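Residue strings, one per chain:
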Amino acid sequence: MFVHLVFCTWMEELRSGEEQNLSCFAGKDKSAHVDGDVMIAMLLPHFHLQVDSSHETSRSSEDFYSLYKNYQVILALAFAVEQINKNPHLLSNVTLGFSVYSIDTRDQRILSSACAWLYGKLATPNYNCVSESKLEVALTGDTGAMSATVGTLLQLYSLPQLTFGPFDLILSDHGRFPSVYQMAPKDTSLALGMVSLMLHFLWTWVGLVISADENGLWMLAALREEMDRNGICSGFEMVLAVNSIRSMSKSLLFLYEIRKSTTNVIVVYGNSGFLKTVVNAETLDNSFLAGKVWLMNSLSLAILRGRHHMAAHFHSRLLFIHHYGDVPAFTTFIQTIYPSKYPEDYLLARLWVMAFNCSLSKSDCVTWQNCPHNASFEWLPAHFLDMTMSEKSHHVYNAVHAVAQALQALFLHHTEGQPKGREEKLIISPSQLHPFLRHLHFETPSGDRVTLDEERRLEAEYDIVNIQDFPSGLENKVKVGTFAPSEPRGQQLSIADAMVAWHTGLAETPQSVCTESCGPGFRKSPREGKASCCFDCAPCPENEISNGTDLAQCVRCAEHQYASPDSIRCLLKAESFLAYEEPLGAALACSALCGSALTAAVLGVFVKHQDTPIVRANNRALSYLLLVSLTCCFLCSLLFLGRPHTASCLLQHSTFAVVFTVAVSTVLAKTLTVVLAFALTAPGRSSRQWLVSRAPNLLIPICTLVQVTLCGLWLGTSPPFVDTDAHSEHGHVIILCNKGSLPAFYCVLGYLGGLALASFTVAFLARNLPDTFNEAKFLSFSMLLFCSVWLSFLPVHHSAKGKAVVALEVSSILASSAGLLGCIFAPKCYIILLRPHRNSLQGLRDRSHSGRNKDKS
């Protein structure tokens, strides 16, 4: 298709050396036009097509790139119209055309400029000349302010208005702008995407620079919500208007906030004018920006290009760009553009002159000299002329296809409503398109899903682009990741860390934290009056661990575990009990066996010398019983050693109580026997029958029966059981026998103590009774030792823990048993074994005779 493009306004300020070339473009027609059955009007800002005249012919000038990017939306319009007109399945009997107009977007002139275009096209308001015009749809951009102003006029005629600029919250108010359809998706998930990227790189301390408009304030609220939810804090927040940044005082404030803050990551969100002003702030100091990472929305991509004096400082740039499908045919379309094919496209002629340093003929503006033969835009390097569709060009492309789809639906609806053979020609009015545009849902040839109903729109997907700068001033746009909000949590962000190029001299990912992370073994301790990301690191309390970074609380180990010295993991506690294999356990076991063996030896001596006076004089049967019970006392201590189990727990204290009750009651019986023997000296007294009938011996079974009853009640109601103590000893779980019922235990122990105290009292009173073999003194001393041992045991028992308790109990048993054995039987064994002459009748007479002589003297 022959594309006839003539543009509205050209530059008046020309360099003296280029007056000849630029004079060709003066006074040209102010419209660009491709005729068709249905017309699409594109309204562009006046500055869109301006360049700096001082760089008019410089190939390296960034003005060429800027002019080309703006011109690309017109190429996208022409490409989409041509593609649709060549499609036999879409609008087969209707052709699309377009016109391009320039609007002065300055505050005082935008309305008058729009009115001049509108009234010139559609006559006057309130007078319907629409039917006489083929204009059906208007494409507006680049700013929301321009689209809003133009929209107030277009809605008078219900003319559909499709915007190809960024999404604007003001235009989404369908009450004020019922005829406006925004092609750009709303950035509902942009805040989530940026925060996901921060979490990926562990950036928890960022700065926010937001434009002071409705879109910026909405994004600021969304960022705050996502950051708070994910534990990310803002080092500073600056909400700035474009005009305020341009002032020196606001620029200095902007720099001061950046310099004062320790943030290394700065999020910048705003429209094109805001971003351009921020980046081009003349007061920016290089040292303030070095090492910073900049997260920006897609509008910044074209704005930062080529600012060579800022390139080194904006090197770490990550951009979130809306994801669109590839349109390979668009590249081919650009490669086939030649000024000779479109001689009236004067903007194309200007681009050609700037790209190839051509000189224009004096006679016309389409004949060139010094131009390469068969030159093509394909020759230009990619960094100089990007043939892929920009974001705005995608919006224009999708908008044209949306118009075609709506027209197709309108024609089908009209055809279905006509009776066969009586079809009438459809006279299209702009208002007829609205019902079809509102419910439009289709897929473009590039694979993009287009839905103009905002409630049914899918959330936008983003490409994450890293702008990589080179020392020569060139930059490379590298896609390093994607963000798809429709994916499950945790799978939305995909990024190749190795492909990201950070600022010069930094190989690793930059860090941006208020304070260094708290490593394993520490927890975060908030600083009073500071953000939650600013904290101190405090070590975990005792028996608590933290095996991650930046944990708010440490985790307490389970009862059977304990914290490692570095508090990063829980270790299994070792079982602790007094084992036979330990030195202390082995020593106590040997002592018990030696004591029992010694007691058995004493018993053997007594049995062997059972007819001697010293054995017979002290109630031989009770001596045997006492020796047997003491042997059992020594052996019962072995029940306390080794790993406790149910049987040992049941037998420990009950066996101890019973055998010691037998021993102590035997001592008491022996003491009473001595007392009765010396107290009942008068013959014929009735009390003598108690001694003759051996009545004191009855105390032993009676006392033992009482103790057995107490032990039975204890074991029957609340018996001892195997228990664990995980708190008394660090790193160990003490395996012990829980006594079950403490009152029952103390009743058993108290009863035994009462018997011991009674035996001591009786023996103490009988200590001075005269007799050659009177053992009352030895009995009283043995019971004194017995009581002393167990009275000392009680307070120490309450303070001891773990193995010490068992060792104390065993030691007390062995000490008291040895005390009874030594105090009572050691003197007798001494006489029997070492002084046998004293253990005879002659020895007894000699001792009695010497005793009486002493009394006489």
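Structure: above.
Model, not experiment: these values are computed from the prediction.

Reading guide: rules and limits
- Residues numbered from 1 in each chain as written.
- Predicted model: local features only at pLDDT ≥ 70, side-chain atom pairs only at ≥ 80, totals over all residues.
- Heavy atoms only, no water.
- Helix = DSSP H or I, 4+ residues; strand = E, 2+ residues; numbered from the N terminus.
- Contact = heavy atoms within 4.5 Å.
- Areas by Shrake-Rupley, 256 points an atom, 1.4 Å probe, with all protein chains shown as cover.
- Pairing = 2+ DSSP bridges.
- Axes fitted to C-alpha atoms, helices over the stretch in contact; angles between N-to-C directions.
- Disulfide = S-S within 2.5 Å.
- Buried < 20%, exposed > 50% of the residue type's maximum accessible area, 1.4 Å probe, protein only.
- Salt bridge = Lys/Arg side-chain N within 4 Å of Asp/Glu carboxyl O.

Draft legend 1. Focus on the overall build of the protein chain. When helices and strands are counted, the protein chain shows 26 helices and 27 strands. Counting contacts in the protein chain only where the partners sit at least 6 residues apart, residues at least 24 apart contribute 69% of the total. Carbon together with sulfur atoms contributes 56% to the accessible area of the protein chain, which is approximately 39900 Å² in total.

Draft legend 2. Examining the sheet that holds strand 27 (residues 732-738) more closely. With mixed pairing, three strands are arranged side by side in an open sheet as 25-27-26. At either margin of the open sheet sits one strand with a lone partner, and together these are strand 25 (574-576) and strand 26 (721-725). Averaged over all pairs of adjacent strands, the angle between strand axes in this sheet comes to 30 degrees, irrespective of strand direction. Here three bridges tie strand 25 to strand 27, and the two strands are oriented parallel to one another. Across the sheet, residue Ala574 finds its bridge partner in strand 27, namely His732.

Draft legend 3. Examining the state of the cysteines more closely. On inspection of all chains with the given rule, the structure shows six disulfides. For Cys233, the disulfide goes to Cys533, at an S-S distance of 2.2 Å. Given an S-S torsion of about 85 degrees, the disulfide between Cys233 and Cys533 has right-handed geometry. Taken as a pair, Cys233 in strand 8 (residues 233-240) and Cys533 in the loop between strand 19 (522-526) and strand 20 (535-539) lie far apart in primary sequence, 300 residues in all. Like Cys233, the residue Cys533 is buried in the burial classification. Disulfide partner of Cys514: Cys534, at an S-S distance of 1.9 Å. Measuring the twist about the S-S bond at about 100 degrees, one finds the Cys514-Cys534 disulfide to be right-handed. Taken as a pair, Cys514 in the loop between strand 18 (493-495) and strand 19 and Cys534 in the loop between strand 19 and strand 20 lie far apart in primary sequence, 20 residues in all.

Draft legend 4. Representation of the environment of Val674 within the structure. Considering the arrangement of structural elements, one finds Val674 in helix 20 (residues 646-679). Classification of Val674 as buried rests on a relative accessible area of 11%. For Val674 and Ala776, which are 102 residues apart along the polypeptide, the C-alpha to C-alpha distance reads 7.1 Å.

Draft legend 5. Spotlight on the sheet that holds strand 11 (residues 316-322). What the eight strands build is an open sheet, ordered 8-7-9-10-11-16-17-18; its pairing is mixed. Edge positions in the sheet fall to strand 8 and strand 18, since each of these pairs with one other strand and no more. Strand after strand, the sheet turns through a mean of 25 degrees between neighbouring axes, direction not considered. Bridge count between strand 11 and strand 16 (residues 462-469): six bridges; the pairing is antiparallel. Bridge pairing in strand 16 links Leu319 to Val465.

Draft legend 6. Representation of the pattern of salt bridges. The tally for this structure, following the rule as stated, stands at ten salt bridges. Between Arg229 and Glu225 there is a salt bridge; the shortest N-O distance is 2.9 Å. Of this pair, Arg229 and Glu225 are both found in helix 6 (residues 214-229), four residues apart, which corresponds to roughly one turn of the helix. Its relative accessible area of 48% is what places Glu225 among the partly exposed residues. The salt bridge involving Asp536 is made with Arg527; its shortest N-O contact spans 3.1 Å. With relative accessibility at 33%, the residue Arg527 sits in the partly exposed group. Connected through salt bridges with shared partners, the residues Glu225, Glu226 and Arg229 form a single ionic network.

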